[in-house]
Amino acid sequence: MHNYYQPEIETMPREQLKALQSERLVRQVRHVYDNVKFYRDRMDAAGVAPEDIHGIEDLAKLPFITKDDLKDQYPYGLLGVPLSECVRIQSTSGTTGKRVVAFYTQDDLDIWDECCARAIVAAGGTKDDVCHVCYGYGLFTGGPGLNGGSHKVGCLTLPMSSGNTERQLQFMTDLGSTILCCTPSYAANLGEAIAERGLKDKIKLKAGIFGAEPWTEEMRHNIEEALGIKAYDIYGLTEISGPGVSFECEEQRGMHIQEDHFIPEIINPDTGEVLPEGEIGELVFTCITKKAFPLLRYRTRDLCYLTSEKCSCGRTHIRMHKPTGRSDDMMIVKGVNVFPSQIETVLLNQGYQANYQIVVDRIGNSDTIEVQVELTPEMQAAMPADTAEKEKIVTRKEKEVATGLKNMLGIKVDVKVVDLKTIARSEGKAVRVVDKRKLYA
């Protein structure tokens, strides 16, 4: 039995879907050209007019826009409608200078809610479910997005927000939460807390919808085991709308992009050339229905590939593979491209949990990289009381991890295995990388 929220759209024949995209793209290009000076100037500079765009086959004629453009146009420079028509803003965390502020009309919010509703239904959600949302609320899009989607589906919605693990567990057990929505790192933390308190038999969760940060297949399996659920991936960006741009179905072989609202492309991040289906490159999105903050050919910096292979769930929308990392998250250490996801894969394959931190530094003119990873509860419990014996075991474990990382990355990595609960826990997005080299820049 396949679950759809809007089957007539989610299973639309591809030719019909492409015709719908073309019609909406033409309308959107005209909308931004007429209403947003930034786009008009960009298109004029590129020698392209709205009349040149007849359908999706002309998408590549349009110029790209980047996060820097969004910051430069803060706050109102990309607004596509009068401010009086906007009913909400959401914003990025703004950890590097200016924030990005995205505006929404009521129609924009309704579309976003529908996108998140599709994701919840794809994970098996119905009006009989209790949807436990512990993504952050407020300016962060995670909480409001899944909250709105849950309402559309008709679930009993618990707007928990992030943090306060004791309260999360109390409501989860007392109200019988069945669908959990949060970051994967916080799901792992909840699994740890449930095990410590012996609550697993009292938890009624059946599915989890996790996103907002990169996570590996190994981490998925660990979370599924810890919580006794099926874990689904969801993807989104504040700039595009928020979570629900794409989501996994029961097949869990990539996330279906909601192509009636977003047109994806994969480009070579260095040249901007559009790559053929199946090749890994930078993901680019064009919003074809959002009116208040419409983005055309927005470079996400996420690296992944697309596939339009037929999916057994019956959905016809193209799938994006889980991003392998971000071109701006990639660290260059000793001349080698390093992604946190590569390090996480090695750690989880060796039986550790996703409680780790990567510290990159520069000593003299040489880069250093240290991975700190916690012992699991089982490893900690098995440690001898004798300090010297414990040190021998820890040293052996550090060498094993260092060997695995050298094989994966091709460079030497210092490894420090630390006691359980040593590394600060995250209640939202986990801080995986501390790059001290930036202090000297």
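Cut-offs applied
Residues numbered from 1 in each chain as written. Predicted model: local features only at pLDDT ≥ 70, side-chain atom pairs only at ≥ 80, totals over all residues. Heavy atoms only, no water. Helix = DSSP H or I, 4+ residues; strand = E, 2+ residues; numbered from the N terminus. Rg over C-alpha atoms; globule rule 2.2 N^0.38 Å. Buried < 20%, exposed > 50% of the residue type's maximum accessible area, 1.4 Å probe, protein only. Areas by Shrake-Rupley, 256 points an atom, 1.4 Å probe, with all protein chains shown as cover. Lys, Arg positive; Asp, Glu negative; His and termini not counted. Charge placed at Lys NZ, Arg CZ, Asp CG, Glu CD. Pairing = 2+ DSSP bridges. Axes fitted to C-alpha atoms, helices over the stretch in contact; angles between N-to-C directions. Contact = heavy atoms within 4.5 Å.

K.L.:
So what exactly am I meant to see when it comes to the overall build of the protein chain here?
P.N.:
When its secondary structure is counted, the protein chain shows 12 helices and 21 strands. The C-alpha radius of gyration computed for the protein chain amounts to 23 Å, which stays within 12% of the reference 22 Å derived for 441 residues, consistent with globular compactness. For the protein chain, the spread of C-alpha atoms along the three principal axes comes to 75 × 55 × 40 Å. Counting the 441 residues in the protein chain, one finds 54% classified as buried. With an accessible surface of roughly 19,100 Å², the protein chain has 51% of that area assigned to carbon and sulfur atoms. For the protein chain, the separation between the mean place of its 53 positive charges and that of its 64 negative charges on side chains is 2 Å.

K.L.:
What should I look at first to understand the sheet that holds strand E18 (residues 356-363) in this one?
P.N.:
To summarise the sheet geometry, strands pair through backbone hydrogen bonds and adopt either a parallel or an antiparallel arrangement. Strands sit in the order E20-E19-E18-E21 across an open sheet of 4 strands; the sheet is mixed. Strand pairing shows two members of the sheet lacking a second neighbour, strand E20 (414-418) and strand E21 (433-435), which therefore form its edges. Averaged over all pairs of adjacent strands, the angle between their axes in this sheet comes to 20°, without regard to strand direction. By the bridge criterion, 3 bridges tie E18 to E21 in an arrangement that is parallel. Paired with Val360 across the two strands is Asp435, which belongs to E21. Its contacts with the sheet place helix H10 (residues 340-349) against E18, strand E19 (366-374) and E21, and it is angled at close to 125° to E18. In the packing of helix H12 (residues 387-409) onto the sheet, the strands contacted are E19 and E20, and the crossing angle to E20 comes to about 135°.

K.L.:
Can you walk me through the pairing of strand E11 (residues 281-287) in this structure?
P.N.:
In summary, the side chains of a regular strand alternate between the two faces of the sheet. Within E11, 7 of the 7 residues are buried, leaving the element largely enclosed by the surrounding structure. Examined bridge by bridge, E11 and strand E12 (residues 298-304) share 4 bridges and lie antiparallel to one another. Pairing of Phe285 across the sheet is with Tyr298, part of E12.

K.L.:
Teacher, can you tell me more about the environment of Ile223 here?
P.N.:
Checked against the element boundaries, Ile223 lands in helix H9 (residues 217-227). Distance in space between the C-alpha atoms of Ile223 and Arg42 is 45 Å, their sequence separation being 181 residues. Beyond its immediate stretch of four places on either side in the chain, Ile223 contacts Pro184, Ala187, Ala188, Phe210, Trp215, Gly228 and Ile229.

Everything listed here is a matter of coordinates, which is why it stays silent on function.
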